[in-house]
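Next come the chains, spelled out residue by residue.
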Amino acid sequence: MTALIIQQKQRRWAYLVLSVFLLLFLGLIYAWSVFRIPLEQEFGWSKSGTSLTFSISMVMFCLGGLISGVLTARKGMRITLVLAALLLVSGFGLASQITSLMGIYLTYGGMAGLGVGLGYNAAISTIMRWFPDKQGLVSGIALMGFGFGAMILGTAGASLISLAGWRMTFLLIAASYAVVIALAVVILRPPDADFTAALSGALPQGKEAREEIGWQDMLRRQSFWLFFLWAILLSAAGLSIINISAGYAGTFVGGNLTQAAAIAGVISIANGAGRVLAGQLFDSKGCKVTMYTVSVVYLAAAAALAGADVSHSQPVLLTAFVLTGLAYGACPPTGSAFAASFYGSRNYGMNFSIVNLNLIGASTLGPMFANGTPMMAFIIIAILAVIGVVITTAIRR
């Protein structure tokens, strides 16, 4: 291994830190609930009306990922990030001036959601190319940053709103995006072909991607559709509990909202940990072991949730929420590493953006699974975990 490649191998960790920092800010889009309440209070909007904003942002996020996959492949990562910055700065800047629901739909939901999708895919696809030897670990670390964005920056956003109001908070967020993405554009860069080839060639037999195929061929593979179904169902299982977590926890603490929010917050912490742990497991044991493990943890979570419902024990509920967070957090990095491992790094940006579309199906099914009694939701999770085992067994390269 040449001195230049060794130097680049050391530098890539700095790029990973920068990518995590960028993804942390992009993850702020998930903190919509922090901004929703002051808007409802000022304009008298209904919860159903403001909730549509988040749905729009998620659809635009997935669309932005698809556009980013094409744009990054043709024009490069920097052009994609610049466009993401323009959309995010404009989206939050204009959101600070809105007076109607349609205005927030177009700015926060449409422009900011699209900008997050563009930046997210560009950052993930770039940093994954630097680590062909650690695909699972790196995807887990990067996606942990994205997942923590809502929790860390959402809390900061809530404090800013109480101090300066939501309009000024949106303006400060717009300025923050301009600075953070500018740093990424100047510093972050993709690896050259020699570096990628050198590390890919050093992978143990069976760890390297056996093919380099485009999205058209990927869509013809049974392995893709089986994994896509697995990701929808197993992600929906976690979202069904996340959707009711605060309200359900409230029944254990006499309706105390602060305590209920603290208990529900355990899921977010476990979610972040699950992303890194699943990534490490993918690197060391492979795709199938990771997918089987997710199903087993979900089964344990379903049993713990049912036990908590019967015993009304807070410690059992906390255990159940930790297991739920770990299992749900494992799904995104597994999808990221799966796309790279099965279909190669050359077309990773576009392939991953298509795999990531499972979020649309999962975010639709998850709340539906939680519409009945809590116990029914727990039974559904167990059933989905078993289906996950069957799907995993059927997947072949």
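First, a word on what this report is: a plain description of the structure on this page. (Residues numbered from 1 in each chain as written. Predicted model: local features only at pLDDT ≥ 70, side-chain atom pairs only at ≥ 80, totals over all residues. Heavy atoms only, no water.)

Once that is clear, we can look at the overall build of the chain. Secondary structure summary: the chain contains 17 helices and zero strands in total. The C-alpha atoms of the chain give 21 Å as radius of gyration, which agrees with the globular expectation for 397 residues (21 Å, within 12%). Across its three principal directions, the C-alpha atoms of the chain cover 60 × 50 × 35 Å. Looking at the 397 residues of the chain, the share that counts as buried comes to 53%. Here the contacts in the chain between residues at least 6 apart in sequence split such that 85% fall between residues at least 24 apart. Between the averaged position of the 22 positive side-chain charges in the chain and that of its 11 negative side-chain charges there is a distance of 2 Å. (Helix = DSSP H or I, 4+ residues; strand = E, 2+ residues; numbered from the N terminus. Rg over C-alpha atoms; globule rule 2.2 N^0.38 Å. Buried < 20%, exposed > 50% of the residue type's maximum accessible area, 1.4 Å probe, protein only. Contact = heavy atoms within 4.5 Å. Lys, Arg positive; Asp, Glu negative; His and termini not counted. Charge placed at Lys NZ, Arg CZ, Asp CG, Glu CD.)

Take the environment of Met77 next. Of note, Met77 is situated in helix H4 (residues 77-95). Considering only alpha carbons, one finds Met77 and Asp194, 117 residues apart in sequence, at a separation of 19 Å.

Attention now moves to unusual backbone geometry. Look at His312: it is not a glycine, yet its phi comes out positive at around 55°. Mapped onto the secondary structure, His312 falls in the loop between helix H13 (287-311) and helix H14 (314-343). Classification of His312 as partly exposed rests on a relative accessible area of 44%.

Together, Leu160, Met168, Leu171 and Leu172 make up an exposed nonpolar region whose accessible area comes to about 300 Å². Residue contributions to the nonpolar patch peak at three residues, all from helix H7 (residues 166-187). Within the secondary structure layout, Met168 lies in helix H7. According to the relative accessible area criterion, Met168 is partly exposed, its value standing at 39%. (Patch = residues over 30% accessible without salt bridge, like charges linked within 9 Å, V, L, I, M, F, W, Y side chains within 5 Å. Areas by Shrake-Rupley, 256 points an atom, 1.4 Å probe, with all protein chains shown as cover. Salt bridge = Lys/Arg side-chain N within 4 Å of Asp/Glu carboxyl O.)

Helix length check: H13, at 25 residues, gives a terminal C-alpha distance of 36 Å against a target of 36 Å (1.5 Å per residue), a fit within 8%. The set of residues buried in H13 consists of Cys287, Thr290, Met291, Val294, Ser295, Tyr298, Ala301, Ala302, Ala304, Leu305 and Ala308. Of the residues trailing H13, His312 is marked for its positive phi of about 55°. (Expected span 1.5 Å × (residues − 1).)

Another point: the state of the cysteines. Chemically, a disulfide is nothing more than a covalent bond linking the sulfur atoms of two cysteines. Counted under the stated rule, the structure contains zero disulfides. Take Cys62: it sits in no disulfide, and the sulfur closest to it among the cysteines is that of Cys331, at 15 Å. By relative accessible area, Cys62 is classed as buried at 5%. Cys331 takes part in no disulfide bond, and the closest cysteine sulfur, belonging to Cys287, lies 12 Å away. (Disulfide = S-S within 2.5 Å.)

Now for the nonpolar core. What tends to happen in soluble globular proteins is that the nonpolar side chains get buried as a cluster. Ranked by size, the top nonpolar core spans 121 residues in total, and within it Ile104 and Phe321 carry the most contacts. The contacts of Ile104, once residues within four sequence positions are left out, are Trp32, Leu39, Trp45, Thr53, Ala95, Ile98, Gly109 and Phe170. Formed by five residues, the second largest nonpolar core is a distinct cluster that contains Met60, Ala84, Leu87 and Leu114. (Core = buried A, V, L, I, M, F, W, Y, C linked by side-chain atoms within 4.5 Å.)

Turning to the environment of Ile187, a few remarks are in order. The topology assignment puts Ile187 in helix H7. By relative accessible area, Ile187 is classed as partly exposed at 38%. Linking Ile187 and Leu18, residues 169 residues apart in sequence, is a C-alpha distance of 8.5 Å. Look past the residues within four positions of Ile187 in its chain and what remains in contact with it is Tyr15 and Leu18.

Okay, the pattern of salt bridges next. Within this structure, the stated rule accounts for three salt bridges. In this structure, Glu40 engages Arg36 in a salt bridge whose closest nitrogen and oxygen atoms are separated by 3.0 Å. Of this pair, Glu40 and Arg36 both sit in helix H2 (residues 32-43), separated by four residues, roughly a single helical turn. The residues Glu40 and Arg36 share a single accessibility class, namely buried. Here Asp217 and Arg220 are joined by a salt bridge, their closest N and O atoms 2.6 Å apart. With a relative accessible area of 64%, Arg220 lands in the exposed category.

Before going further, it helps to spend a moment on the packing of helix H5 (residues 101-130) against helix H15 (residues 348-355). At a closest axis distance of 9 Å, the pairing of H5 and H15 adopts a crossing angle of 125°. The angle between the axes of H5 and H15 places the two elements in the oblique class. Between H5 and H15 lies a crossing of right-handed hand. The residues of H15 that touch H5, namely those facing Tyr120, Asn121, Ile124, Ser125 and Met128, are Tyr348, Gly349, Phe352 and Ser353. (Axes fitted to C-alpha atoms, helices over the stretch in contact; angles between N-to-C directions. Parallel < 35°, antiparallel > 145°, perpendicular 65-115°, else oblique. Left-handed = near helix turned anticlockwise from the far one by under 90°.)

Turning our eyes to something else, we now look at the packing of aromatic side chains. Inspection of every chain in the model, using the stated rule, returns 28 aromatic pairs. Geometrically, the ring pair formed by Phe35 and Phe170 is tilted, given 5.1 Å between the ring centres and 50° between the ring planes. You can see Phe35 sitting in helix H2 and its partner Phe170 sitting in helix H7, a full 135 residues away along the chain. Since its relative accessible area comes to 0%, Phe35 is described here as buried. Among the aromatic residues, those joined into a ring-pair cluster are Phe21, Phe25, Phe35, Phe43, Trp45, Phe92, Tyr108, Trp166, Phe170 and Tyr177. (Phe/Tyr/Trp six-rings, centres within 6.5 Å; stacked < 30°, edge-to-face > 60°.)

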